[in-house]
Amino acid sequence: MSVTAIKGVPVEIESLGISFGAADIVSGIDLQVREGEFVCLLGPSGCGKSTLLSSMAGFIEPTVGEIRCDGTTVRRGNPHAGMVFQSSEALFEWMTVSGNVSYGPRMHGASKAEQVRIAAEYLAMVGLPHSGDKFPSQLSGGMRQRVQIARVLANQPSLVLMDEPFGALDAQTRQVLQIELDKIWRHTGCTVVFVTHDIDEALTLADRVVVMSAGPRARIKSIYQVDAPRPRDRAHPDVIDLYEQLRDDIRAEVVASLRNQGIEEDEL
Ligand SMILES: Nc1ncnc2c1ncn2[C@@H]1O[C@H](COP(=O)(O)OP(=O)(O)OP(=O)(O)O)[C@@H](O)[C@H]1O
Ligand SMILES: [Mg+2]
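As the structure is a prediction and not an experimental result, all values here were calculated from the model.

This next bit is on the site of ligand 1. Around ligand 1 sit F20, I25, P44, S45, G46, C47, G48, K49, S50, T51, E164 and H197, and those are all the residues in its vicinity. Contact distances for ligand 1 include 2.7 Å between an oxygen atom and a side-chain N or O atom of K49. With respect to ligand 1, the side chain of H197 contributes an N or O atom lying 2.8 Å from an oxygen atom. A total of 640 Å² of accessible area belongs to ligand 1 in isolation, and the protein chains cover 55% of it. The element contributing the most residues to the shell around ligand 1 is helix α1 (residues 49-56), with three residues. For the shell around ligand 1, the residue count by class is four nonpolar, six polar and two charged.

Here it is, written out as structure tokens:
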């Protein structure tokens with residue numbers, strides 16, 4: 001795989017709180033992500049995972065506290081970050097797949113030849129070497145999501161933020177993309193923060209798994225270190241053990257979240 005190495009940046013989140021009007025979404029969040037680390041973020045629906053990720057990208061400003069990326073406070077926008085959204089609707093439908101992937105470099109003044117090289121390199125990386133001349137509408141959902149990932153990585157972000165990027169995909173495509181992403185991450189060295197609801201996915205990808213508590217005022221409830229060797233074997237005893245701990249931990253928060261919404265567990 002001929003992929004340009006990137007130096008991942010560290011992210012420090014300090015006493016972070018984000019409110020929308022009177023609603024306190026997350027509060028008292030402290031988290032240090034090391035350079036080149038792969039962190040997965042789990043928690044009940046609506047607890048504030050996307051909000052937290054968007055604040056790392058500089059799309060949402062903290063209400064209190066601070067986020068630093070490579071030592072610099074993140075305000076409006078984060079030049080180190082590239083964000084992959086849950087749906088692939090973010091693709092430019094009127095541009096070819098190659099045009100989508102080389103869009104960022106083109107905006108930064110890359111020559112025509114350079115754009116062609118970059119598109120070919122990153123499409124090969126995500127397993128789509130022959131789709132450059134197609135339009136997004138001619139691709140399957142899984143292929144579109146790969147294009148979105150290639151488009152983000154083509155900008156060589158040193159912080160990759162991924163919000164349930166494989167959430168809408170079938171289990172088989174999901175597994176293939178997880179393996180590809182693990183390879184890409186190991187070859188590039190970027191820092192990754194990845195939101196998912198899937199414990200298996202988190203244990204396949206993460207150096208650390210961060211569990212958020214139920215909102216409102218969601219916090220970091222627990223952090224699990226995953227030391228099992230890569231590529232991960234789901235049958236590894238450490239992975240099985242962590243799966244059970246995470247399942248119980250998250251279940252407790254999902255029940256708390258539903259209770260906070262007025263739904264009791266025996267009604268489920
Ligand atoms: N721009 C906004 N204005 C007001 N409230 C918002 C805004 N964005 C998010 N929220 C609220 O913040 C809370 C957290 O939303 P967020 O999308 O971060 O949750 P999440 O953990 O990503 O959930 P899911 O797992 O379902 O994607 C929700 O109650 C949501 O309604
Ligand atoms: Mg979300």
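That covers the picture; the talk isn't over yet.
Below, the discussion takes up the environment of L153. As for its placement among the helices and strands, L153 is situated in helix α5 (residues 141-153). Here L153 falls in the buried class, since its relative accessible area comes to 6%. Each C-alpha atom, one on L153 and one on Q172, is 23 Å from the other, the two residues being 19 residues apart in sequence. Ignoring any residue separated from it by four or fewer positions in sequence, one finds L153 in contact with Y122, M125, V160 and I184.

The next subject is the packing of aromatic side chains. Tallying each qualifying case throughout the model produces six aromatic pairs. Ring plane angle 10° and centroid distance 6.4 Å describe the contact between F59 and F85, whose orientation is recorded as stacked. Of the two residues, F59 is situated in the loop between α1 and β4 (64-69) and F85 in the loop between β6 (81-84) and α2 (97-101); the sequence distance between them amounts to 26 residues. Looking at F59, the relative accessible area reads 52%, which means it is exposed. A relative accessible area of 35% places F85 in the partly exposed class.

The next subject is the sheet that holds strand β1 (residues 11-20). Pairing within the open sheet is antiparallel, and its four strands lie in the order β2-β1-β4-β5. One side of each edge strand has no neighbouring strand; the edge strands of this open sheet are β2 (23-33) and β5 (72-73). The sheet contact formed by β4 and β5 spans two bridges and is antiparallel. Bridging across to β5, C69 finds its partner in T72. Of the strands in this sheet, β1, β2 and β4 are in contact with α1, which crosses β1 at around 120°.

Let us look at the sheet that holds strand β3 (residues 38-42). Strand-to-strand pairing in sheets goes through backbone hydrogen bonds, with the strands running parallel or antiparallel. Taken together, the six strands give an open sheet; going across it, the order is β6-β7-β8-β3-β9-β10, and neighbouring strands pair in mixed fashion. Looking along the sheet, the strands with just one partner apiece sit at the ends: β6 and β10 (220-225). The average angle at which neighbouring strand axes cross in this sheet is 15°, direction not considered. In this sheet, strand β8 (residues 191-195) lies alongside strand β7 (residues 159-163) in parallel orientation, the contact comprising five bridges. Bridging from a neighbouring strand, V160 pairs with V192 of β8.

Basis of the calculations
- Residues numbered from 1 in each chain as written.
- Chains lettered and ligands numbered in written order.
- Predicted model: local features only at pLDDT ≥ 70, side-chain atom pairs only at ≥ 80, totals over all residues.
- Heavy atoms only, no water.
- Near = heavy atom within 4 Å.
- Polar contact = N/O pair within 3.5 Å; in protein donor to acceptor, adjacent residues only side chain to side chain.
- Areas by Shrake-Rupley, 256 points an atom, 1.4 Å probe, with all protein chains shown as cover.
- Helix = DSSP H or I, 4+ residues; strand = E, 2+ residues; numbered from the N terminus.
- Nonpolar A, V, L, I, M, F, W, Y, C, P; charged D, E, K, R; others polar.
- Buried < 20%, exposed > 50% of the residue type's maximum accessible area, 1.4 Å probe, protein only.
- Contact = heavy atoms within 4.5 Å.
- Phe/Tyr/Trp six-rings, centres within 6.5 Å; stacked < 30°, edge-to-face > 60°.
- Pairing = 2+ DSSP bridges.
- Axes fitted to C-alpha atoms, helices over the stretch in contact; angles between N-to-C directions.

By themselves, these figures tell us nothing about what the structure is for.
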